[in-house]
Amino acid sequence: MLLTQAMCFFNRLNKIKISYTLLFFHNSEKQKVNLIKNHIHVTERCQSSTLSPVKKNNRYPLTIGGLLLMLIPLTTFGLGTWQVKRKKWKEELIGMLKARTSAPPLITLPEDISELEDLEFRKFVVKGRYDHNNEVFIGPRSCLVDGGTPESGELISMSGKESYGYLVITPFVLSSTGQRILINRGWIKTKLKPQIKRPESLIQGEQTVVGVVRLKEKKTKFMPSNDPGKKLWFYRDIEEIATVTHSLPVFLDATKESSIPGIISAGQTQINLRNEHLSYIITWYSLSAATAFMWFRRYLLHR
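Residues numbered from 1 in each chain as written. Predicted model: local features only at pLDDT ≥ 70, side-chain atom pairs only at ≥ 80, totals over all residues. Heavy atoms only, no water.

Draft legend 1. Looking closely at a negative patch on the surface. Negative charge collects at one region of the surface, where E111, D112, E115, E117, D118 and E239 lie side by side. Its place among the elements puts D118 in the loop between α4 (71-102) and β1 (123-130). We classify D118 as exposed; its relative accessible area is 59%. (Patch = residues over 30% accessible without salt bridge, like charges linked within 9 Å, V, L, I, M, F, W, Y side chains within 5 Å. Areas by Shrake-Rupley, 256 points an atom, 1.4 Å probe, with all protein chains shown as cover. Salt bridge = Lys/Arg side-chain N within 4 Å of Asp/Glu carboxyl O. Lys, Arg positive; Asp, Glu negative; His and termini not counted. Charge placed at Lys NZ, Arg CZ, Asp CG, Glu CD. Helix = DSSP H or I, 4+ residues; strand = E, 2+ residues; numbered from the N terminus. Buried < 20%, exposed > 50% of the residue type's maximum accessible area, 1.4 Å probe, protein only.)

Draft legend 2. The environment of T75, seen in detail. In this structure, T75 sits in helix α4. Separated by 213 residues in the primary sequence, T75 and S288 place their C-alpha atoms 7.7 Å from one another. Side-chain polar atoms of T75 contact the backbone oxygen of L71, separated by 2.6 Å. (Polar contact = N/O pair within 3.5 Å; in protein donor to acceptor, adjacent residues only side chain to side chain.)

Draft legend 3. Region of interest: the nonpolar core. Membership of the largest hydrophobic core comes to 14 residues, with the highest contact counts inside it found for V126, F172, I181, I183 and V209. At the level of elements, β1, β5 (165-174), β6 (180-189), β7 (207-214) and β9 (251-254) are the ones that each hand at least two residues to this core. For this core, the element with the most residues is β1, which contributes 3 residues. Setting aside chain neighbours within four positions, we find V209 in contact with F124, V125, V126, Y130, F172, I183, A254 and S258. Core analysis: the next-biggest nonpolar cluster, separate from the first, contains 12 residues, V136, C143, W187 and I238 among them. (Core = buried A, V, L, I, M, F, W, Y, C linked by side-chain atoms within 4.5 Å. Contact = heavy atoms within 4.5 Å.)

Draft legend 4. Structural view of helix α7 (residues 277-299). For α7, with 23 residues, the first-to-last C-alpha span of 33 Å sits near the 33 Å given by 1.5 Å per residue. Looking only at α7, the buried set comprises H277, I281, S288, A292, W295 and Y299. Summarising the contacts, the buried residues of α7 are in contact with α3 (64-69) and α4. (Expected span 1.5 Å × (residues − 1).)

Draft legend 5. Fine view of the side chain of S247. Within the secondary structure, S247 is located in the loop between α6 (238-245) and β9. Given the relative accessible area of 14%, S247 is considered buried. Here T245 takes part through its side chain, which lies 3.1 Å from a polar atom of the side chain of S247. With residues up to four places along the chain from it excluded, the contact list for S247 reads P171, R180, I181, L182 and A242.

Draft legend 6. Region of interest: the pattern of salt bridges. In this structure the tally under the stated criterion is 8 salt bridges. Residues R180 and D131 are paired through a salt bridge, measuring 2.6 Å at the closest nitrogen-oxygen approach. You can see R180 sitting in strand β6 and its partner D131 sitting in the loop between β1 and β2 (136-141), a full 49 residues away along the chain. Exposure class is identical for R180 and D131. Each is buried. Of the charged contacts in the structure, one is a salt bridge between D237 and K216, with a shortest N-O distance of 3.8 Å. Placement of D237 in the loop between β8 (232-233) and α6 and of K216 in the loop between β7 and β8 is noted, with a sequence separation of 21 residues between them. Assessed through its relative accessible area of 9%, D237 is described here as buried. On the accessibility criterion, K216 (47% relative accessible area) is partly exposed. One network of salt bridges, with partners in common, ties together E120, R214 and D253.

Draft legend 7. Quick look at the pairing of β7. Relative to β7, β1 is paired through 6 bridges, and the arrangement is antiparallel. The residue of β7 that forms the bridge with G128 is Q207. Here β7 runs beside β9; their pairing, made up of 4 bridges, is antiparallel. Its bridge partner being in β9, R214 is matched across the sheet by F251. (Pairing = 2+ DSSP bridges.)

Draft legend 8. Main features of the pairing of β1. Pairing geometry for β1 and β5, over 3 bridges, is antiparallel. Opposite R129, over in β5, you have V173 as the bridge partner.

Draft legend 9. Region of interest: the packing of α4 against α7. In the contact formed by α4 and α7, the axes pass within 8 Å of each other and the chain directions differ by 165 degrees. Here α7 runs roughly antiparallel to α4, going by the angle between their axes. The two elements α4 and α7 cross, and the hand of that crossing is left-handed. The segment α4 lies against α7, with I72, P73, T76, F77, L79, G80, T81, Q83, V84, R86, K87 and K90 engaging H277, L278, Y280, I281, W284, Y285, L287, S288, T291 and A292. Looking at the contact of α4 with α7, its residues break down into 12 nonpolar, 7 polar and 3 charged. (Axes fitted to C-alpha atoms, helices over the stretch in contact; angles between N-to-C directions. Parallel < 35°, antiparallel > 145°, perpendicular 65-115°, else oblique. Left-handed = near helix turned anticlockwise from the far one by under 90°. Nonpolar A, V, L, I, M, F, W, Y, C, P; charged D, E, K, R; others polar.)

Right under this line is the structure:
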């Protein structure tokens, strides 16, 4: 800018010089033409420098819309932070499940069954006999292996109705008190629901069973209602099953040691939970960083 002003100042002086020379000195025509050309050239440079537009700021004006766009990085950052808390909660839950299921089984059920609310996934040893005449079913369900994944090798080879099965829930009469509780004996194929097709499962006499305490399941929005008349439940409603089978609302999942090969697969307690919160954390924080950079670049920085 200072250079441009200096050029214009000297251009004015040059104009005065030319006028003075043309008036008071006898110059040749060639000299006069050269003086005029030089004046025109300097004048054009001065005008082009003076009239050239000043570079404008390329930032967008910060409007209400811009402020609303700022909610995108803020929201995604909040979701990432929420997933950090969820990850911590899930890890603590998995640790609790492993600790409880690996702890030595307790020998005696509490007299106050409400105490079982704080003992889910703890193991108990019970002695008694099965009441096969009042068994019911929960399903259809997939067969779990090692407390987590479906038995893929077996299920892939199945087709139609054999691709799923049912959990056999049988009342268990305790030898110590004569009271009845509920035992989830395990998973069977659909074709084995009729007892006549699995006589080996109708074991008699006193049995010692190690079971894992389970609580009531929540019914999902699209899950059909249970059908007690057909002895069929779609979710674990312990109170309702206990009422129909005249049992206490105590529900134990028999451990895999109670399995009957080829008939009943016990150990159907799901303890292997998915923990994908780290990938969610990376996703949300990455989106937050990217959208925040775009916002600052658009509204606060030169592009």
